[in-house]
Amino acid sequence: MMFLALLLPCSALLAPASHRRRPRATLRAAAATWDTTTGPSSTLVAGGGPAGIATAIMLARRGWKNIRVCDRLEEPFKPDDDVTWSDAARFYLVGLGLRGQRALGQLDAWADVEKYCA
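This one's a predicted model, so the numbers in the text were calculated from it and none came from an experiment.

Procedures and definitions
- Residues numbered from 1 in each chain as written.
- Predicted model: local features only at pLDDT ≥ 70, side-chain atom pairs only at ≥ 80, totals over all residues.
- Heavy atoms only, no water.
- 1 Å grid on protein atoms, 1.4 Å probe; cavity = no way out; pocket = protein on both sides within 12 Å on 5 of 7 lines; lining within 4 Å.
- Points joined across faces, edges and corners; volume = space filled by probe spheres on them.
- Helix = DSSP H or I, 4+ residues; strand = E, 2+ residues; numbered from the N terminus.
- Nonpolar A, V, L, I, M, F, W, Y, C, P; charged D, E, K, R; others polar.
- Buried < 20%, exposed > 50% of the residue type's maximum accessible area, 1.4 Å probe, protein only.
- Expected span 1.5 Å × (residues − 1).
- Arc of directions from axis to C-beta.
- Contact = heavy atoms within 4.5 Å.
- Pairing = 2+ DSSP bridges.
- Right-handed = clockwise from strand over helix to strand, strands pointing away.
- Salt bridge = Lys/Arg side-chain N within 4 Å of Asp/Glu carboxyl O.

1. Section: the layout of surface pockets
A water-sized probe, rolled over the atoms, reveals where empty space remains. Taken as a whole, the largest pocket spans an internal volume of roughly 1900 Å³. Only α4 (50-62), α6 (98-106) and α7 (110-114) provide two or more residues apiece to the lining of the largest pocket. Examining the composition of the lining of the largest pocket, we find that five residues originate from one element, α4, more than from any other. Split by residue class, the lining of the largest pocket holds 23 nonpolar, five polar and five charged.

Shown next as structure tokens:
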């Protein structure tokens, strides 16, 4: 499994502390053992925020398989859940700037988001 935030094999993360500090050449050699167009056998993206989700989407489009995104928060409500979103006490408004809109456009996700914008 690959831990994407560090680009190290998970076995390296679980190794004893005395073995964790490796020269950069060793880390590059370890990363070179898998093809970047197909990726490792499995990938873990830590964090389901904008950067984590965008990373997972782009890796999947590149052809990577078995990508798992983990986040400390529960999955959000569905965007068309009128019961939840009509209750102003259960959500807050978020502004999405031009950079965020462009990033969503590059991910081909802006049209899906824009239809829920006020």
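2. Re unusual backbone geometry
In this structure, N66 is a non-glycine residue whose phi angle is positive, near 55°. Take N66: it is sitting in the loop between α4 and β4 (67-70). Given the relative accessible area of 52%, N66 is considered exposed. Positive phi outside glycine occurs at D108, with the angle close to 60°.

3. What about α4?
Each full turn of the α-helix corresponds to 3.6 residues, which orients residues three or four apart in the same direction. If you check α4, its first and last C-alpha atoms are 18 Å apart, about what 13 residues at 1.5 Å a residue would give, namely 18 Å. When α4 is considered as a whole, its buried residues turn out to be G52, A56 and L59. Along the axis of α4, the buried residues cluster in a sector spanning 70°; they form a single face. Residues of α4 that are exposed and point over 90 degrees away from its buried face: P50 and A51. Against the buried residues of α4 lie β3 (43-46) and β4. Where α4 terminates, the next one or two residues include G63, which has phi positive at roughly 110°.

4. Overview of the pairing of β3
Both β3 and β4 contribute to a ladder of four bridges, which runs parallel. Bridged to T43 within β4 is I67. For the crossover from β3 across α4 to β4, the handedness is right-handed.

5. Description of the pattern of salt bridges
One pass over the full model with this rule turns up two salt bridges. The partner of R61 in a salt bridge is D108, with the nearest N and O atoms 3.8 Å apart. Residue R61 is located in helix α4, and its partner D108 is located in the loop between α6 and α7; the two are separated by 47 residues in the primary sequence. Residue class for R61 comes out partly exposed when judged on its relative accessible area of 46%. What makes D108 exposed here is its relative accessible area of 61%. Close ionic contact of K78 with E75 constitutes a salt bridge, the shortest N to O distance being 3.2 Å.

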